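Coordinate inspection notes
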Amino acid sequence: MPQFIYTTIDDGICVLTIDNPPVNAFHPEVGEQLIAAFDDLARHSPALRAVIITGAGKYFMAGGDIKFFQTLDHVSAPHYARRIQIIQETILHFHCPVIAAINGSALGGGTELIMACDIRVASEDALFGQPEVALGIIPGAGGTQNLPRLVPVGTAKRLLFTGDRIPAREALSIGLVDQVVPAAEVMGAAMALAGRIARNAPLAVAAAKKAVNLGLELGLSEALRLETALFANLFHSSDVKEGVSAFIEKRKANFEGK
């Protein structure tokens, strides 16, 4: 099997690159390698502070592998969709923040993949959309569920029903992406963001991610109780003592994730 996923780790920040030319299509083998890559990265906890996902070449991910769709039927399609949904869930619940460095168009499965990430930094020339209805199908990797959780429901329905492609600036205005920069600055902006995250206590960052992601699935009262439990649990860590001491002593904290 060809290799589609490459990872490099430097100073606690992993860059994960999807490389499936010519457009980094979301073939099932790409998905399986993504799952395997995150399983491997989980072993680096707590040394790993952030993950950046990007695409090789001029595309982030221009959608699913359309030719592969010809092999699917009503029996095999659910398995295909569920395996890709597992990738989204893996990223969503990964212990440290995952940043999408969107170096080019992210359509279909590409839009679904970035929605699983915690923060999205996009090239100003990138395009986004869920064009599946033009193929006679709907998004099967979380698009119908995650899009209305990120953008206004009516806007999500417009994109899902029309299959429209939207530019990066519009994606920013509706909340689909969080930052838009010139194409040459995408990775630099993502690395700078990851660096700011990496300076903080990794257990606290992980708890904040968990509080937000799980809390959104709960009612407010339950979510507040979750926040309290996560807040209290951090007092078992030496990082709390280090962070408070560093603040009082006016020095840089040395967090170890313990």
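Just above sits the structure.
In this report, we go over the structure that sits alongside the text. (Residues numbered from 1 in each chain as written. Predicted model: local features only at pLDDT ≥ 70, side-chain atom pairs only at ≥ 80, totals over all residues. Heavy atoms only, no water.)

**Here we look at the overall build of the protein**
Of regular secondary structure, the protein possesses 11 helices and 10 strands. For 258 residues, the compact-globule estimate of 2.2 N^0.38 gives 18 Å, and the C-alpha radius of gyration of the protein, at 19 Å, lies within 12% of that figure. A total of 258 residues make up the protein; the buried ones form 46% of that total. Partitioning the contacts of the protein with sequence separation of at least 6, the portion at a separation of at least 24 is 68%. For the protein, the accessible area works out to roughly 13,100 Å², and carbon and sulfur atoms hold 59% of it. (Helix = DSSP H or I, 4+ residues; strand = E, 2+ residues; numbered from the N terminus. Rg over C-alpha atoms; globule rule 2.2 N^0.38 Å. Buried < 20%, exposed > 50% of the residue type's maximum accessible area, 1.4 Å probe, protein only. Contact = heavy atoms within 4.5 Å. Areas by Shrake-Rupley, 256 points an atom, 1.4 Å probe, with all protein chains shown as cover.)

**Structural notes on helix H9 (residues 202–215)**
Taking 1.5 Å as the rise per residue, H9 with 14 residues should run 20 Å; its terminal C-alpha atoms sit 19 Å apart, in good agreement. Of the positions making up H9, those classed as buried are Pro202, Val205, Ala207, Lys209, Asn213 and Gly215. The inward-facing, buried residues of H9 contact helix H3 (77–92), strand E5 (98–102), helix H8 (186–198), helix H10 (220–233) and helix H11 (238–248). (Expected span 1.5 Å × (residues − 1).)

**Focus on the packing of aromatic side chains**
All chains considered together, the criterion is met by three aromatic pairs. Ring geometry for Phe69 against Tyr80: centres 5.9 Å apart, planes inclined by 75°, an arrangement best described as edge-to-face. With Phe69 in helix H2 (residues 66–69) and Tyr80 in helix H3, this residue pair connects regions lying 11 residues apart in the sequence. Taking relative accessible area as the criterion, Phe69 reaches 23% and is therefore assigned partly exposed. (Phe/Tyr/Trp six-rings, centres within 6.5 Å; stacked < 30°, edge-to-face > 60°.)

**Digging into the sheet that holds strand E1 (residues 5–10)**
Pairing between sheet strands relies on hydrogen bonds along the backbone, with the strands arranged either parallel or antiparallel. Overall, mixed pairing links the six strands, which are arranged E1-E2-E3-E5-E7-E10 in an open sheet. At either margin of the open sheet sits one strand with a lone partner, and together these are E1 and strand E10 (179–181). Each strand of the sheet is rotated relative to its neighbour by a mean of 20°, with strand direction disregarded. Here strand E7 (residues 119–123) runs beside E10; their pairing, made up of three bridges, is parallel. Note that in E10 the partner of Ser123 across the bridge is Val181. (Pairing = 2+ DSSP bridges. Axes fitted to C-alpha atoms, helices over the stretch in contact; angles between N-to-C directions.)

**Some thoughts on the sheet that holds strand E8 (residues 127–129)**
Taken in spatial order, the four strands make up an open sheet running E4-E6-E8-E9, and their pairing is mixed. Looking at which strands have only one partner, the edges of the open sheet turn out to be strand E4 (59–61) and strand E9 (165–167). Going from strand to strand, the sheet's axes swing by 20° on average, the running direction of each strand aside. Relative to strand E6 (residues 105–107), E4 is paired through two bridges, and the arrangement is parallel. What sits directly across from Tyr59, in E6, is Ser105.

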